[in-house]
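# Residue-level structure breakdown
Residues per chain, in single letters:
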Amino acid sequence: MPTSNGFDTSAAPTGLELLLADREITQLLHAYCRHFDRNEPADVVALFTPDAVVDYGPDAPTTSSAAELQSSMARGLREVFAATSHHVTNVEINFIDAATATVESSLHAWHRYHGDAPDGWLWGRYLHTVVTTPDGWRISHLQLLSAGTIDFHRDHMHPLGRR
Amino acid sequence: MPTSNGFDTSAAPTGLELLLADREITQLLHAYCRHFDRNEPADVVALFTPDAVVDYGPDAPTTSSAAELQSSMARGLREVFAATSHHVTNVEINFIDAATATVESSLHAWHRYHGDAPDGWLWGRYLHTVVTTPDGWRISHLQLLSAGTIDFHRDHMHPLGRR
Amino acid sequence: MPTSNGFDTSAAPTGLELLLADREITQLLHAYCRHFDRNEPADVVALFTPDAVVDYGPDAPTTSSAAELQSSMARGLREVFAATSHHVTNVEINFIDAATATVESSLHAWHRYHGDAPDGWLWGRYLHTVVTTPDGWRISHLQLLSAGTIDFHRDHMHPLGRR
């Protein structure tokens, strides 16, 4: 979308602009994990757009507003988990244009539950769409895929898509 | 290797050039994991040079051509694994010159096997050599070292070199 | 702290300078893991300032000199561990000024002990303060927090601060 001065603000970033956007988007994923593991649902939700679509899998309702997300996340963080640790690696960022990127990453997550359940393990993938806002990059879409689990509290997950 | 215009194309990159090369090389490692875990051996092999030397350890033959690599990888992905998840961290890239780098990284890999075998765990290190090609950075050498395993399908691995 | 030429050397870095400092600091964390897992305590300690304060938790004495750190680390690496693997992710670097940054990261660490003890698992967080020195960035403060452990050799750890 070339502007009146001829500068194409819709093009995917390159060079230094690309690397600085990479940094901000990667920090967004890290902030998500940090706040999740500290049981700070309001801070997690603040990383999403108000109408973000969040799909953790078929055993949980897909949310499409910050209010729904916060309600379900706050309940899970309080009632299900005694402790969690989310480790994000293998971050691959693909810019659609200067204001939108899709992000794939890998997740190793460990969960300790309230009560006597054994610890739950998840190895999977996050699929994010992120967009620029006046407050910086925010998550507009999140889907979680599973490569495999052990003693996880959800029986059904979106599969990784292994052939 | 100074060229006729005096520009030294053999020097290791610095500044912005260094960081952009870092990004491409890191993405190469991530693409390897993504395609491996999705059972896409042809896509994995496309990340290597045609004569790449790949050494997963003494229990597997070292391959030195894309055809050998694809054959052994396709068989393993199909016959041994029901699911895998490869998580690469601690990436350290050292440029030899503008077209060659050695890369050390850490690997946490989880494996689910066909049949009744318990899940296999590996904590180790990847040693890569990567080179530029007309198609971008490609892997010319890969060796896998092991810090330790649990119920892994290979009994003998190259050791990490702990003193 | 503007200098006589008006250049503010105390300001946090931006742009390319920020990204290059990010790279050096991240490599410092990776070098720590590499040398630790290879049982190279002198090389680990060389990554710290001479008066670095290192606090691995209430079950270990906090050290405040390189000599103390090396003594306790060399003993642990030799007497406690048969093998370890430290995987650092989720690195978030916040610059205080051009010469100082605080760093939060996540740690997945696996430990194999001498003797018959089962393997020990730790999921936690590193809190680093790093400073520039004539030799590059060095760690001046390190504190380890735990999200959770399984069969770890330490019973008491600084908690993550989950609410």
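It should be noted that the structure appears before, not after, this text.
This text gives an overview of the structure that appears in the document.

Looking now at the interface of chain A and chain C. Taken residue by residue, the interface counts 28 residues in chain A and 27 residues in chain C. Overall, the association of chain A and chain C removes approximately 2200 Å² of surface from exposure, summing both partners, and the carbon and sulfur fraction of that is 52%. At the junction of chain A and chain C, the tally comes to three salt bridges. For Glu 40 of chain A, the salt bridge identified is with Arg 163 of chain C, shortest N-O distance 2.7 Å. Where the side of chain A that touches chain C is concerned, the elements lending two or more residues are helix H1 (15-37), strand S2 (81-97) and strand S3 (100-113) of chain A. Counting residues per element, the side of chain A that touches chain C draws most heavily on H1 of chain A, which supplies ten residues.

We now examine the interface of chain C and chain B. At the interface, 28 residues of chain C touch 27 residues of chain B. With both chains or domains summed, chain C and chain B bury close to 2200 Å², and 51% of this area falls on carbon and sulfur atoms. The largest per-residue losses of area from chain C upon contact with chain B belong to Arg 23, Arg 38 and His 87 of chain C, which jointly make up 26% of the total buried on that side. Broken down by secondary-structure element, the contributors of at least two residues to the side of chain C that touches chain B are helix H1 (15-37), strand S2 (81-97) and strand S3 (100-113) of chain C.

What follows concerns unusual backbone geometry. Across residues other than glycine, the phi torsion is negative in most instances, and most of the peptide bonds are trans. Residues and elements named next belong to chain A. Even without a glycine there, the phi angle at Asp 151 is positive, about 55 degrees. You can see Asp 151 is positioned in the loop between strand S5 (136-150) and strand S6 (158-159). When its relative accessible area of 46% is taken as the criterion, Asp 151 is described as partly exposed.

A side chain with one charge may pair with a side chain of the opposite charge, provided their charged atoms come close. All names here are of chain C. Applying the stated criterion to the full structure yields 24 salt bridges over all chains. Put simply, Arg 125 and Glu 92 hold a salt bridge, and the shortest N to O gap is 3.7 Å. Placement of Arg 125 in strand S4 (residues 120-133) and of Glu 92 in strand S2 is noted, with a sequence separation of 33 residues between them. The exposure classification of Arg 125 matches that of Glu 92, with both residues buried. Ionic pairing is found between Glu 104 and Arg 125, a salt bridge with its closest N-O pair at 2.7 Å. Taken together, the positions of Glu 104 in strand S3 and Arg 125 in strand S4 put the pair 21 residues apart, joining distant regions of the chain. Of the residues examined, Glu 104 reaches a relative accessible area of 30% and is grouped as partly exposed. Exposure remark for Arg 125: the relative accessible area of 7% places this residue in the buried category.

Looking now at the state of the cysteines. Enumeration over the complete set of coordinates arrives at zero disulfides over all chains. For Cys 33 of chain A, which is in no disulfide, the shortest distance to another cysteine sulfur is to Cys 33 of chain C and amounts to 17 Å. Owing to a relative accessible area of 0%, Cys 33 of chain A belongs among the buried residues under this scheme.

This brings us to the packing of aromatic side chains. In this structure the tally under the stated criterion is 30 aromatic pairs over all chains. Centre to centre, the rings of Trp 123 of chain B and Trp 121 of chain C are 5.2 Å apart; their planes meet at 70 degrees, and the pair counts as edge-to-face. Here the residue Trp 123 of chain B occupies a position in strand S4 (residues 120-133), and Trp 121 of chain C occupies one in strand S4, the pair thus bridging two chains. Classification of Trp 123 of chain B as buried rests on a relative accessible area of 0%. Arranged with centres 5.8 Å apart and planes meeting at 80 degrees, the rings of Tyr 32 of chain C and Tyr 126 of chain C form a pair that is edge-to-face. Here the residue Tyr 32 of chain C occupies a position in helix H1, and Tyr 126 of chain C occupies one in strand S4, the gap between them amounting to 94 residues.

At their nearest, the axes of H1 of chain A and H1 of chain C sit 10 Å apart, and the two run at 55 degrees to each other. Between H1 of chain A and H1 of chain C, the interaxial angle falls into the category oblique. In this structure, H1 of chain A meets H1 of chain C at a crossing whose hand is left-handed. The residues of H1 of chain C that touch H1 of chain A, namely those facing Leu 16, Leu 19, Leu 20 and Arg 23 of chain A, are Gly 15, Leu 16, Leu 18, Leu 19 and Asp 22 of chain C. Along the lines of polarity and charge, the residues of the contact of H1 of chain A with H1 of chain C split into six nonpolar, one polar and two charged.

All names here are of chain C. With 23 residues, H1 ought to run about 33 Å at 1.5 Å a step, and its terminal C-alpha atoms sit 34 Å apart, in line with that. The element H1 is extensively covered by neighbouring structure, given that 17 of its 23 residues are classed as buried. Positive phi shows up at Asn 39, right after H1, with a value of about 60 degrees.

With that settled, the discussion passes to the pairing of strand S5 (residues 136-150) of chain C. All names here are of chain C. When you tally the buried positions in S5, you get eleven out of 15 residues, the bulk of the element. In this sheet, S5 lies alongside strand S1 (residues 48-55) in parallel orientation, the contact comprising four bridges. The partner of Val 54 across the bridge, within S5, is Leu 142. Pairing geometry for S4 and S5, over 13 bridges, is antiparallel. By the bridge assignment, Leu 127 is partnered in S5 with Gln 143. Taking the residues that link successive antiparallel strands as the turn, the S4-S5 hairpin has two residues. In this sheet, strand S6 (residues 158-159) lies alongside S5 in parallel orientation, the contact comprising two bridges. Within S6, the position partnered with Ser 146 by the bridge is Pro 159.

About the thresholds
- Residues numbered from 1 in each chain as written.
- Chains lettered and ligands numbered in written order.
- Predicted model: local features only at pLDDT ≥ 70, side-chain atom pairs only at ≥ 80, totals over all residues.
- Heavy atoms only, no water.
- Contact = heavy atoms within 4.5 Å.
- Buried area = accessible area lost by both parts, 1.4 Å probe.
- Salt bridge = Lys/Arg side-chain N within 4 Å of Asp/Glu carboxyl O.
- Helix = DSSP H or I, 4+ residues; strand = E, 2+ residues; numbered from the N terminus.
- Buried < 20%, exposed > 50% of the residue type's maximum accessible area, 1.4 Å probe, protein only.
- Disulfide = S-S within 2.5 Å.
- Phe/Tyr/Trp six-rings, centres within 6.5 Å; stacked < 30°, edge-to-face > 60°.
- Axes fitted to C-alpha atoms, helices over the stretch in contact; angles between N-to-C directions.
- Parallel < 35°, antiparallel > 145°, perpendicular 65-115°, else oblique.
- Left-handed = near helix turned anticlockwise from the far one by under 90°.
- Nonpolar A, V, L, I, M, F, W, Y, C, P; charged D, E, K, R; others polar.
- Expected span 1.5 Å × (residues − 1).
- Pairing = 2+ DSSP bridges.

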